[in-house]
Amino acid sequence: MVNAAVFASGSGTNFEAIVNAGIEGLNVALMICDKPGAFVISRAERLGVDYRVIDPHRFPDKAAYETEIVSALKSADIDFICLAGYMRIVGPTLFEAYRDRILNIHPALLPSFKGAHAIDDAFNFGVKVFGVTVHLIDLTIDGGTILGQRAFEYHGNDRDEVETRIHEIEHVLYPEVIKEYIATASLSFAEGRGE
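This report concerns the structure included in the present document. (Residues numbered from 1 in each chain as written. Predicted model: local features only at pLDDT ≥ 70, side-chain atom pairs only at ≥ 80, totals over all residues. Heavy atoms only, no water.)

**Let's talk about the packing of aromatic side chains**
Reasoning step 1: In this structure the tally under the stated criterion is 6 aromatic pairs.
Reasoning step 2: Ring pairing ties together the aromatic residues Phe130, Phe152 and Tyr154, which thus form one cluster. (Phe/Tyr/Trp six-rings, centres within 6.5 Å; stacked < 30°, edge-to-face > 60°.)

**Considering the pattern of salt bridges**
Reasoning step 1: Enumeration according to the criterion identifies 9 salt bridges in this entry.
Reasoning step 2: The salt bridge involving Glu16 is made with Arg46; its shortest N-O contact spans 2.8 Å. Of the two residues, Glu16 sits in helix H1 (residues 13-20) while Arg46 sits in helix H2 (residues 39-47), which places them 30 residues apart along the sequence.
Reasoning step 3: Look at Glu16 and you get buried, because its relative accessible area is 13%.
Reasoning step 4: Residue Glu163 pairs with Arg159 through a salt bridge whose shortest N-O separation is 2.2 Å. Taken together, the residues span about one helical turn, with Glu163 and Arg159 both in helix H6 (residues 159-192) at a distance of 4 residues.
Reasoning step 5: Accessibility expressed as a relative area gives 23% for Arg159, which makes it partly exposed.
Reasoning step 6: Connected through salt bridges with shared partners, the residues Asp120, Arg159, Asp160 and Glu163 form a single ionic network. (Salt bridge = Lys/Arg side-chain N within 4 Å of Asp/Glu carboxyl O. Helix = DSSP H or I, 4+ residues; strand = E, 2+ residues; numbered from the N terminus. Buried < 20%, exposed > 50% of the residue type's maximum accessible area, 1.4 Å probe, protein only.)

What follows is the structure, given as structure tokens:
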């Protein structure tokens, strides 16, 4: 069994989609949230997933904040991380502790429309093909190795409709990519635990 931590900052719909997907061999062992009061906390409680709320404002700097996160991850024997609406840039402390083991989902077809406002940026640019990307992160904004993408054409002018369709794709694509990822990476996870 592979242990994953899901990081989220807001509503947590992707977190719930991952948990409810019932991916064989996957245990969502921990949810990390950086925002006290975020709705994802209620989802974790309802779904019976252990969680930690780690408020970055309680720490003197990013390194101290991420050191606390890494400690929580190690205590829970976390093998890899799924960023799911986690609205913070991962710094070197967390990245080096889980290098090549941090997945992210982005609501655009990378490498286009990086950043926190991808849906708005793509919509305002007038693209006719929208989509979703799942990738392993690096230390650049929305960079790293692409693991999966899914696209759709849209010729309307309703931004909210685009967002709804993107979320529908995210909730299917992310669990699919996670399933493929753990199938190929499970041996290295076992080696990392000394098995």
